[in-house]
Amino acid sequence: MDKSKRKAIIAGNWKMNKTPSQAKELLEAIKPLVADADCEVIACVPYVDLAVAVEATQGSNVKIGAENVHWAESGAFTGEISTGMLKEIGVEYVVLGHSERRQYFGETDETVNKRTKAALAAGLKPIVCVGELLWERECDITEEVIARQIKLDLWDVTEEELKNVVIAYEPVWAIGTGKTATADQAEEVCAFIRAQIAKLYNQEAADAVTIQYGGSMNDGNADELLGKVNVDGGLIGGASLVAEKFAAIVKAASK
Ligand code: 13P
């Protein structure tokens, strides 16, 4: 399998951090540091930062993503944001099914699937997150959990649409804990995800899909994780909030 055929993508997931003025400041710091990146660079930022972020990155190689989106086009959904709203301000990507949404906000595979379908229909590129809990890993059901998530989250997504989907493997026990999956653990599950895609679609689709690892990835461990054949990029939390650290990860992905 030729890894170089796939798009390497480093995406920051800022979570609930940075006000609009702070977002502008961070993006201004990131831009020159990643200007010669040989991978795709994305910052997924809070809703209120999106307009500022799109403007600040205009003409640069940094793309902007949101951290969630609702599946309905409009209507009585207080507090929600639609795909049309994101599209109009120039957002390109959207993180979906993040474990924090699943854990704290009642997100299910069914709603992740609805969001994914809506995002694709609107021309947004979803970064669909999957990952097992520590308890599930300890019970040795990581593969069952991941297979189920992949199948349900991508239900009814066509092979053509899949070309615009990025998958992020984020073991929940490694998020914000400083506990990174070892490079071998990350590779094992990313390879498993690719095999599931081959089963659900075909080998060509599986070879082409970008699979990121996320969970305490930083400037110190990125090289090793990204060196694995099935790890095509990273979804970065904490380290994406520090320009130099984020840029170092982008550099590691550009090799
Ligand atoms: P950390 O990099 O802070 O562990 O977060 C990972 C993550 O959840 C990215 O979506």
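Everything below is about the structure printed above this text.
Residues numbered from 1 in each chain as written. Predicted model: local features only at pLDDT ≥ 70, side-chain atom pairs only at ≥ 80, totals over all residues. Heavy atoms only, no water.

## Observations regarding the pattern of salt bridges
Phase 1 of the analysis: Taken as a whole and assessed by the stated rule, the structure comprises 18 salt bridges.
Phase 2 of the analysis: A salt bridge links K7 to E40, with the nearest nitrogen and oxygen atoms 3.5 Å apart. Taken together, the positions of K7 in the segment before β1 (9–13) and E40 in strand β2 (residues 40–44) put the pair 33 residues apart, joining distant regions of the chain.
Phase 3 of the analysis: On the basis of relative accessible area, K7 is assigned to the partly exposed category, the value being 40%.
Phase 4 of the analysis: E40 sits in the buried class, given a relative accessible area of 10%.
Phase 5 of the analysis: Measuring nitrogen to oxygen at the nearest pair gives 3.6 Å for the salt bridge that ties K117 to D156. Residue K117 is found in helix α5 (residues 109–122), and its partner D156 is found in the loop between α7 (142–153) and α8 (159–162); the two are separated by 39 residues along the sequence.
Phase 6 of the analysis: Accessibility expressed as a relative area gives 23% for K117, which makes it partly exposed.
Phase 7 of the analysis: Note on D156: relative accessible area 46%, which makes it partly exposed. (Salt bridge = Lys/Arg side-chain N within 4 Å of Asp/Glu carboxyl O. Helix = DSSP H or I, 4+ residues; strand = E, 2+ residues; numbered from the N terminus. Buried < 20%, exposed > 50% of the residue type's maximum accessible area, 1.4 Å probe, protein only.)

## Some remarks on α7
Phase 1 of the analysis: Look at α7: 16 Å from first C-alpha to last across twelve residues, which is about the 16 Å you get at 1.5 Å a residue.
Phase 2 of the analysis: Within the span of α7, buried status applies to T142, V145, I146, A147, Q149, I150 and D153.
Phase 3 of the analysis: On its buried face, α7 sits against α4 (99–104), α5, β5 (125–130), α6 (134–138), β6 (166–169) and α9 (183–200). (Expected span 1.5 Å × (residues − 1). Contact = heavy atoms within 4.5 Å.)

## Observations regarding the site of the ligand
Phase 1 of the analysis: Every residue close to the ligand is listed here: N13, K15, H98, E170, A174, I175, G176, G215, S216, L235, G237 and G238.
Phase 2 of the analysis: Residue E170 places a side-chain N or O atom 2.8 Å away from an oxygen atom belonging to the ligand.
Phase 3 of the analysis: Protein coverage of the free-state accessible area of the ligand, which is 310 Å², stands at 94%.
Phase 4 of the analysis: In the shell around the ligand, the residues fall into three nonpolar, seven polar and two charged. (Near = heavy atom within 4 Å. Polar contact = N/O pair within 3.5 Å; in protein donor to acceptor, adjacent residues only side chain to side chain. Areas by Shrake-Rupley, 256 points an atom, 1.4 Å probe, with all protein chains shown as cover. Nonpolar A, V, L, I, M, F, W, Y, C, P; charged D, E, K, R; others polar.)

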